[in-house]
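So the chains spell out like this:
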Amino acid sequence: QVQLVESGGGLVQAGGSLRLSCAASGSILSINAMGWYRQAPGKQRELVAMFTSATNTNYADSVKGRFTISRDNAKNTVYLQMNSLKPEDTAVYYCNAAVTLLVSRRKFTSWGQGTQVTVSS
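Below is a short write-up of the structure. Since the model is a prediction, treat every value here as computed from it, not as a measurement. (Residues numbered from 1 in each chain as written. Predicted model: local features only at pLDDT ≥ 70, side-chain atom pairs only at ≥ 80, totals over all residues. Heavy atoms only, no water.)

### Considering the sheet that holds strand 8 (residues 77–82)
Reasoning step 1: Ordered by their spatial adjacency, four strands build an open sheet running 1-3-8-7, and the pairing between neighbours is antiparallel. In this open sheet, the two edge strands, each paired with only one partner strand, are strand 1 (2–7) and strand 7 (67–72). Averaged over all neighbouring strand pairs, the angle between strand axes comes to 15°, with direction disregarded. (Pairing = 2+ DSSP bridges. Helix = DSSP H or I, 4+ residues; strand = E, 2+ residues; numbered from the N terminus. Axes fitted to C-alpha atoms, helices over the stretch in contact; angles between N-to-C directions.)

The structure is reproduced here in structure tokens:
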């Protein structure tokens, strides 16, 4: 199985920055996609930023120019640098990874436990 361990959430004022980290562990043959979703109260979970390949990334329109996703392949870790935070960014942020397991070769989608990001005005 795969575990995703998230860190970096917290409380910041509007205009501030946070950096989220997500480390994938387990017997992983390959990571096919990895990134971040978020869910605010009363809203659907939405894609924030995702590596869909080694080089391709997708961003939600609402975060383009403010958020940057990066990865450290040696650590099976993705990061989300969030700058110019707005109250509308307040949500639980979830790491997501689509992997192929090393032993079984099964494709598996894993979710992190979520980390709260709160932006005050």
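### Some remarks on the packing of aromatic side chains
The relation between two aromatic rings is expressed through the spacing of the ring centres and the mutual angle of the planes.
Reasoning step 1: Inspection of every chain in the model, using the stated rule, returns one aromatic pair.
Reasoning step 2: Directly above the aromatic system of Tyr79 lies the positively charged group of Arg19, at a separation of 4.0 Å from the ring centroid.
Reasoning step 3: The lysine or arginine in question, Arg45, covers the ring of Tyr94, its NZ or CZ lying 3.7 Å from the ring centre. (Phe/Tyr/Trp six-rings, centres within 6.5 Å; stacked < 30°, edge-to-face > 60°. Lys NZ or Arg CZ within 6 Å of the ring centre and 35° of its normal.)

### Description of the side chain of Thr77
Reasoning step 1: Along the chain, Thr77 falls in strand 8.
Reasoning step 2: Side-chain polar atoms of Thr77 contact the backbone oxygen of Lys75, separated by 2.9 Å. (Polar contact = N/O pair within 3.5 Å; in protein donor to acceptor, adjacent residues only side chain to side chain.)

### Let's talk about the state of the cysteines
Reasoning step 1: Scanning the model with the defined rule gives one disulfide in all.
Reasoning step 2: In this model, Cys22 is linked to Cys95 through a disulfide, with the two sulfur atoms separated by 2.0 Å. The sign of the -85° torsion about the S-S bond sets the Cys22-Cys95 disulfide as left-handed. Within this pair, whereas Cys22 is found in strand 3 (residues 18–26), its partner Cys95 is found in strand 9 (residues 91–101), the two being separated by 73 residues in sequence. The burial state of Cys22 is the same as that of Cys95; both residues are buried. (Disulfide = S-S within 2.5 Å. Buried < 20%, exposed > 50% of the residue type's maximum accessible area, 1.4 Å probe, protein only.)

### Focus: the pairing of strand 7
Two faces, one strand: in a regular strand the side chains alternate between the faces of the sheet.
Reasoning step 1: Both strand 7 and strand 8 contribute to a ladder of six bridges, which runs antiparallel. Within the sheet, the bridge partner assigned to Asp72 lies in strand 8 and is Thr77.
Reasoning step 2: Once strand 7 ends, the chain turns through four residues before running back antiparallel as strand 8, passing Asn76 with a positive phi of about 50°.

### A look at the nonpolar core
Reasoning step 1: Counting 30 residues, the largest nonpolar core has Trp36, Leu80, Met82 and Tyr93 as the members making the most contacts within it.
Reasoning step 2: Secondary-structure elements contributing two or more residues to this core are strand 1, strand 3, strand 4 (28–39), strand 5 (46–51), strand 7, strand 8, strand 9 and strand 11 (115–120).
Reasoning step 3: Here the element with the most residues in this core is strand 9; it accounts for six residues.
Reasoning step 4: Residues within four places of Tyr93 in sequence aside, it is in contact with Glu6, Leu20, Trp36, Tyr37, Arg38, Val48, Phe67, Leu80, Met82, Gly114, Thr115 and Val117. (Core = buried A, V, L, I, M, F, W, Y, C linked by side-chain atoms within 4.5 Å. Contact = heavy atoms within 4.5 Å.)

### Thoughts on unusual backbone geometry
Outside of glycine, negative phi angles account for most residues, and trans bonds account for most peptide bonds.
Reasoning step 1: The backbone of Ser84 shows a phi angle near 50°, a positive value even though the residue is not glycine.
Reasoning step 2: In this structure, Ser84 sits in the loop between strand 8 and strand 9.
Reasoning step 3: With phi around 65°, Arg105 is a residue other than glycine that occupies positive phi space.
Reasoning step 4: As for its position among the elements, Arg105 is in the loop between strand 9 and strand 10 (107–111).

Everything listed here is a matter of coordinates, which is why it stays silent on function.
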